[in-house]
Amino acid sequence: MLNWSGKLKSKWEIYKTLKEVVMRCTKQLGKLIGLASIIFLFYVALAHAGGEAAVKTTTSSHWWLWPIILFLFTFIIGIIAPMSGVGGGVLFVPLATAFFPFNVDFIRGTGLIMALTSALSSAPQFIKKGVANVKIMVPVVVVSIITSIVGGIVGLWITSAFPSGKYYITIALGLVLFLIFIVMITSKRVEYPEVESMDGLSQKLGLSSSWYEPTLEKIIEYKITRLPIGILCFAGVGFIAGMFGLGAGWANVPVLNLLMGAPIKVAVSTSMAIITVNDAAAAWIYLAKGAILPLIVVPSVIGITIGARIGAWLAVKTKPKFIKYLVLAIMLFAALLDIFKGLHGLGVV
Amino acid sequence: MSNKEVYIDPINTTFARVMEICTWIGLIVMLVFGVLYLFELNSYVSMSSVVSHWGLPASKFWEETKGVHINGYLFLHHLNTMDCLSLIGISLLALAPFFSLIGTLFRAKGIYFILILILLCEYIFAIIRPLIMAGGGE
């Protein structure tokens, strides 16, 4: 039996040693999950490459496999998304379009509900603390709610009105993914942007506020600027979100943070509040067109919710850089695959 | 200094509280009936049928599986089935911001009252549009 008293002189040292062991295990766990994700995604890719015939033979007779596959798929996405700083929907929609046999209508419907559920679950906490600001959200969504609805209508119209509509949407999705990829590698976040003067509209709407930041133990005050340009940007983002079923946090946050001067915490949380309104409005278009199937939505929402909780916990403990690079690589790969799949469907390649 | 010393606009607190309640109700309804549907309890579209046709566009899917031209909230007519009840949960989630905005309307003053009123009208339009216009441009 080891003589612990000789090596560890106090309870404090035992605590420190245990803490170190836990930290190491957590780091290893992060790496393992990352590796598992690669293997799983590779497996899905291989299964897809194996031919649609294989999928067809398993579909109707083994339907019960799909909720399990979807759960595992979204669970892994849920884990890696918070560690890389992207929303789950941004990974789900292009990957499911590239690898799964569902029509792009159902994938976009599911992506929208996943983004909506995630935003609804987290936004109220930030709004209650005053970090997310409803007063910034309201003038922005007055415009973006319309473009979000129009995006949903246009997206579903293209797939139903044109025989090759599904392929046009798949190509467009690939191009949007490229855009997201570029935004992710180029945009930098500013923790507390300095706003020298507010624009007239922001002043009239009283877009300045404050919140208590526990990490700094002080109240942070901020003000918003360039609201008219911001509203125009959100109009475009709303259209893309509605059309492709994406959460659009990837675009909302840079607009709020870098353009409108909101501190990063305010930008991230207000973006969630914006997503709740935009995606909820667009969801009605998908519900009315029968593009939301519980068989796909329910396991996906459960998977991403559980995965995101674990991912958020791991993101605090460890933030391995390779996860971010892995997600960027997956996005690039999915973009290329979506474009190829669309062009192949049109008979171009 | 604590969070209590920071002024939080009543618009924020009302919006958050209503949203939280609606989200919980919506999630519970969606998941409970969704899971029951996965256990093959009374369904409107059987799971094997869904899996056989989910490669088709949404409009074709409904024509093939149920022989209907979908244009509106079909699930509201079949509330004795688990999949349609699960969609009620999703509808409640999609209504959460709407109810939050209604709650906020009574707290808002001046320009915000007008903006929230406009938002509510837009929201109502989003909900009833499929019932009064041909959805999806068909």
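Only a predicted model underlies this, so the values are computations on that prediction, with no experimental measurement involved. (Residues numbered from 1 in each chain as written. Chains lettered and ligands numbered in written order. Predicted model: local features only at pLDDT ≥ 70, side-chain atom pairs only at ≥ 80, totals over all residues.)

Peer 1: For this particular structure, what's the right way to read the interface of chain A and chain B?
Peer 2: Note: interface size is frequently given as the accessible area lost on complex formation between the parts. Taken together, the contact between chain A and chain B spans 62 residues of the former and 62 residues of the latter. The set of elements that each furnish at least two residues to the side of chain A that touches chain B consists of α4 (65-84), α6 (104-129), α7 (134-161), β1 (208-213), β2 (218-223), α12 (264-288) and α13 (294-317) of chain A. Tallying contributions element by element places α7(A) first for the side of chain A that touches chain B, with 15 residues. (Contact = placed C-beta atoms within 7 Å. Helix = DSSP H or I, 4+ residues; strand = E, 2+ residues; numbered from the N terminus.)

Peer 1: Can you walk me through helix α11 (residues 249-259) of chain A in this structure?
Peer 2: Along an α-helix, residues three or four positions apart point the same way, because every turn accommodates 3.6 residues. All names here are of chain A. Within α11, 9 of the 11 residues are buried, which leaves it mostly tucked inside the rest of the structure. Inspection of α11 places Gly249, Trp250, Ala251, Asn252, Val253, Pro254, Val255, Leu256 and Asn257 among the buried residues, and these make up the whole buried set. Looking at the packing, one finds that the buried side of α11 touches α5 (88-99), α8 (165-186), α10 (227-244) and α12. Taken from the residues just after α11, Gly261 is the one with a positive phi, measuring 80°. (Buried ≥ 20, exposed ≤ 12 C-beta atoms within 10 Å, placed from the backbone.)

Peer 1: What is the right way to look at the packing of α7(A) against α12(A) in this model?
Peer 2: Between two packed helices, what matters for the description is the angle formed by their axes and the separation of those axes. Residues and elements named next belong to chain A. Viewed as axis vectors pointing N to C, α7 and α12 meet at an angle of 30°, and their least axial separation amounts to 8 Å. Relative to α12, the element α7 lies roughly parallel. Viewed along their axes, α7 and α12 form a crossing whose handedness is right-handed. Taken together, the residues of the contact of α7 with α12 sort by class into 16 nonpolar, 6 polar and no charged. (Axes fitted to C-alpha atoms, helices over the stretch in contact; angles between N-to-C directions. Parallel < 35°, antiparallel > 145°, perpendicular 65-115°, else oblique. Left-handed = near helix turned anticlockwise from the far one by under 90°. Nonpolar A, V, L, I, M, F, W, Y, C, P; charged D, E, K, R; others polar.)

Peer 1: Can you walk me through the pairing of β1(A) in this structure?
Peer 2: As a general feature of sheets, a regular strand has side chains that alternate between the two faces. Residue and element names in this part refer to chain A. The pairing of β1 with β2 spans 6 bridges and is classified as antiparallel. Looking across to β2, one finds that Ser208 is bridged to Lys223. Between β1 and β2, which pair antiparallel one after the other, the connecting turn spans 4 residues, and Glu217 there sits at a positive phi close to 55°. (Pairing = 2+ DSSP bridges.)

Peer 1: Quick question: what am I supposed to make of unusual backbone geometry here?
Peer 2: What you tend to see is this: most non-glycine residues have negative phi, and most peptide bonds are trans. Non-glycine residue Glu217(A) carries a positive phi angle of around 55°. A count of 9 C-beta atoms within 10 Å places Glu217(A) in the exposed class. At Glu40(B), a residue that is not glycine, the phi angle is positive and equals roughly 65°. Relative to the helices and strands, Glu40(B) is located in the loop between α1 (10-38) and α2 (47-53). Overall, the presence of 13 C-beta atoms within 10 Å leaves Glu40(B) in the partly exposed class.

Just distances and angles here, no functional claims.
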